[in-house]
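# Notes for the structure review
Listed below, chain by chain, are the residues.
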Amino acid sequence: MGGSLFLFLSVLLESKTAKTLFFSTATILLFLCIFAVVCDFRISNIISQYTMKIRETLIEWKHKVKYIYARYTYSIVFIIDGIYDIWLCGSWLSRKRIVNVKGATSYEPTRYWALNIIFKDAKFTENDSFVDIGCGEGRVIAWLINKHFPGQITGIEKDPDVAAIAKKWMEHRPNENVRLIEGDAMEQFYNDYTIMYIFRPFNEEFFERLILRIEEQLTHPIRFYYLTDFYCRKYLTGRQGWKMINRQYIWRTYGLYIFPVPQFYSVWIYTPNNSDPNSYTDPTIGTIES
Ligand SMILES: C[S@@+](CC[C@H](N)C(=O)[O-])C[C@H]1O[C@@H](n2cnc3c(N)ncnc32)[C@H](O)[C@@H]1O
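Just so we're clear, the structure is a prediction, and the values are computed from it rather than from any experiment.

## Topic: the overall build of the chain
- Looking only at helices and strands, the chain has seven helices and nine strands in total.
- For the chain, buried positions account for 28% of its 290 residues.

As C-alpha cells, this is what we get:
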C-alpha cells in the first residue's frame with residue numbers, strides 16, 4: 001500500500017503541472033485545516049459565550065417573573081384577607097400604615113393563612129389567656145374568636161388611630177372574653193397570660209426590653225409565638241429559661257405568596273425562676289415538633 005503510494009507520487013511529481021497542482025492543493029488543504037482548527041476554537045468559544053448569556057438572561061427573567069408573580073399573588077392574598085375580615089368582624093383590616101409609636105415598625109396584619117399555619121397544631125384550653133402584643137386593628141383576635149378560642153383574648157395596641165379601628169369592630173361584635181388595652185406594651189403586666197403572640201411590632205431594642213419585662217414578671221410557663229423572627233431567635237437562643245420548640249419557613253401556600261420574601265416564625269417556651277425549660281412539658285402544645 002505504502003509502496004504503491006510512493007510509486008504513484010514519484011510518477012505524478014515527474015510532471016511539472018501535476019507537481020504544481022499537488023503542492024498548491026496540499027497548501028490549500030493545510031491552510032484549510034489550520035483555519036478550521038482556529039475557527040472551531042473561536043466558534044465554540046463564541047457559542048459557549050452566547051449560551052452563557054442566554055442562560056443568564058433566562059435565569060434573570062425567571063427571577064423577575066417569580067418576583068412579579070409573588071407580588072401579584074401577595075396582593076391577591078391581601079384582598080382575600082380583607083374580604084375575610086369583613087366576613088369575620090365587619091371591618092376591612094387589610095392595610096399597611098405608618099404608626100406613631102416610638103421604636104415601632106409599621107402596622108401590617110398577619111395573613112390568615114399564616115395564622116392557620118402557625119397555630120396548626122396548637123391546642124387551646126379555657127385556662128389559656130392569649131395576648132397579641134401590638135395587636136394592630138385586631139385581625140388575630142378576630143381569627144381566634146372565629147376558632148372559638150376557649151380562654152381570654154387580649155390585644156395591646158399603642159397607636160390610637162389603629163386601636164380605634166379595633167375598638168370599633170369589637171364594639172359591634174361584643175365578646176366578654178375579649179379585651180383591648182390601648183397602651184404601651186412596655187408598660188403592661190404579663191403574668192396574666194399563658195400564650196403570647198407577636199408579629200414584629202418593634203425594633204430590636206424594644207424587643208429586648210419586652211423580654212426583660214416578661215422575665216421579671218412571669219411566675220408560670222408560657223408559650224411565645226414570634227413571626228418574622230430574625231432578632232428574636234438571635235436574642236432568645238441559649239437564653240436562660242427559653243427553649244425553641246418549633247421554627248418554620250413561611251412564605252407561600254396553595255401557590256400564592258403570603259409574603260413577598262421568605263419569612264420564619266418560631267415558637268418558644270419560657271419557664272421562669274431559672275427552671276429548666278426541658279423539664280416543662282406543655283399538655284396543650286399538641287403535636288408541635290421540637
Ligand atoms: C406589624 S403590626 C402587627 C399587628 C397584629 N399583631 C397582627 O399580627 O395582625 C405591629 C403593631 O404593633 C404596634 N406597636 C408597636 N409598638 C408598640 C408598643 N410599644 N405598644 C403597643 N403596640 C405597639 C404597632 O402600632 C402596630 O400596629
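## Remarks on helix 6 (residues 204–217)
- In a regular helix each residue adds 1.5 Å, so 14 residues correspond to 20 Å; helix 6 covers 20 Å between its end C-alpha atoms and thus fits that length.
- Of the surrounding elements, those touching the buried residues of helix 6 are helix 7 (230–236).

## Quick notes on the environment of Gln263
- Tracing the chain through its elements places Gln263 in strand 9 (residues 263–270).
- Residue classification places Gln263 among the partly exposed positions, given that 17 C-beta atoms sit within 10 Å.
- Sequence separation between Gln263 and Trp251 is 12 residues, and the spatial gap between their C-alpha atoms is 6.0 Å.
- Apart from residues lying up to four places away in sequence, Gln263 is in contact with Thr228, Ile250 and Trp251.

## A word on helix 4 (residues 139–146)
- Burial analysis of helix 4 places six of its eight residues in the buried class, which makes it a mostly covered element.
- Of all the residues in helix 4, the buried ones are Arg139, Val140, Ile141, Ala142, Trp143 and Leu144.
- The secondary structure elements touched by the buried residues of helix 4 are helix 2 (16–89), helix 3 (112–118), strand 1 (129–133), strand 2 (152–157), strand 3 (178–182) and strand 4 (195–199).
- His148 sits one or two residues past helix 4 and shows a positive phi near 55°.

## Digging into the environment of Tyr69
- Along the chain, the position of Tyr69 falls in helix 2.
- According to the C-beta neighbour criterion, Tyr69 is partly exposed, with 14 such atoms within 10 Å.
- Here the alpha-carbon distance between Tyr69 and Leu256, two residues 187 residues apart in the chain, equals 8.6 Å.

## Quick look at the site of the ligand
- Around the ligand, 26 residues are found, and the nearest of them are Ala104, Gly134, Gly136, Ala185 and Pro201.
- Counting residues per element, the ones that place at least two in the shell around the ligand are helix 4 and strand 2.
- Considered class by class, the residues forming the shell around the ligand number 14 nonpolar, four polar and eight charged.

## Quick notes on the nonpolar core
- Core analysis: the biggest nonpolar cluster contains 54 residues, and Phe130, Met196 and Tyr225 have the highest contact counts within it.
- The biggest single contributor to this core is helix 5 (residues 160–172), with six residues.
- Here Met196 is in contact with Val131, Ile133, Ile222, Phe224 and Tyr225, once residues within four sequence places are set aside.

## Some points on unusual backbone geometry
- Positive phi, close to 60°, is recorded for Thr228, a residue that is not glycine.
- For Thr228, the position within the fold is in the loop between strand 5 (222–227) and helix 7.

## Remarks on the confidence of the model for the chain
- Put simply, the chain has an average pLDDT of 88, and 90% of its residues get 70 or more.
- When the criterion is pLDDT under 50, residues 283–290 qualifies, and its contacts beyond four places in sequence or with other chains add up to 18 contacts.

## Let's talk about the sheet that holds strand 9
- Strand order across the open sheet formed by seven strands is 3-2-1-4-5-9-6, with mixed pairing between neighbours. At either end of the open sheet lies a strand with only one pairing partner, and these are strand 3 and strand 6 (242–250). Strand-to-strand twist in this sheet, taken as the mean axis angle between neighbours without regard to direction, amounts to 15°.
- As judged from the five bridges shared by strand 4 and strand 5, these two strands associate in the parallel manner. Note on strand 5: the bridge partner recorded for Ile198 is Tyr226.
- Running over the sheet, helix 5 touches strand 2 and strand 3 and is turned about 160° from strand 3.

## As for the pairing of strand 1
- Among the five residues in strand 1, four count as buried, and that is most of the element.
- Two strands pair when backbone bridges link them, and strand 1 and strand 2 are joined in this way by five bridges, in the parallel orientation. Residue pairing in the sheet places Phe130 in a bridge with Ile153 of strand 2.
- Following the chain from strand 1 across helix 4 to the adjacent parallel strand 2, one finds a crossover that is right-handed.
- Here three bridges tie strand 1 to strand 4, and the two strands are oriented parallel to one another. Each residue of the ladder has a partner; that of Val131, found in strand 4, is Met196.

Parameters and conventions
- Residues numbered from 1 in each chain as written.
- Predicted model: local features only at pLDDT ≥ 70, side-chain atom pairs only at ≥ 80, totals over all residues.
- Helix = DSSP H or I, 4+ residues; strand = E, 2+ residues; numbered from the N terminus.
- Buried ≥ 20, exposed ≤ 12 C-beta atoms within 10 Å, placed from the backbone.
- Expected span 1.5 Å × (residues − 1).
- Contact = placed C-beta atoms within 7 Å.
- Near = placed C-beta within 6 Å.
- Nonpolar A, V, L, I, M, F, W, Y, C, P; charged D, E, K, R; others polar.
- Core = buried A, V, L, I, M, F, W, Y, C linked by C-beta atoms within 7 Å.
- pLDDT = per-residue confidence, 0-100.
- Pairing = 2+ DSSP bridges.
- Axes fitted to C-alpha atoms, helices over the stretch in contact; angles between N-to-C directions.
- Right-handed = clockwise from strand over helix to strand, strands pointing away.

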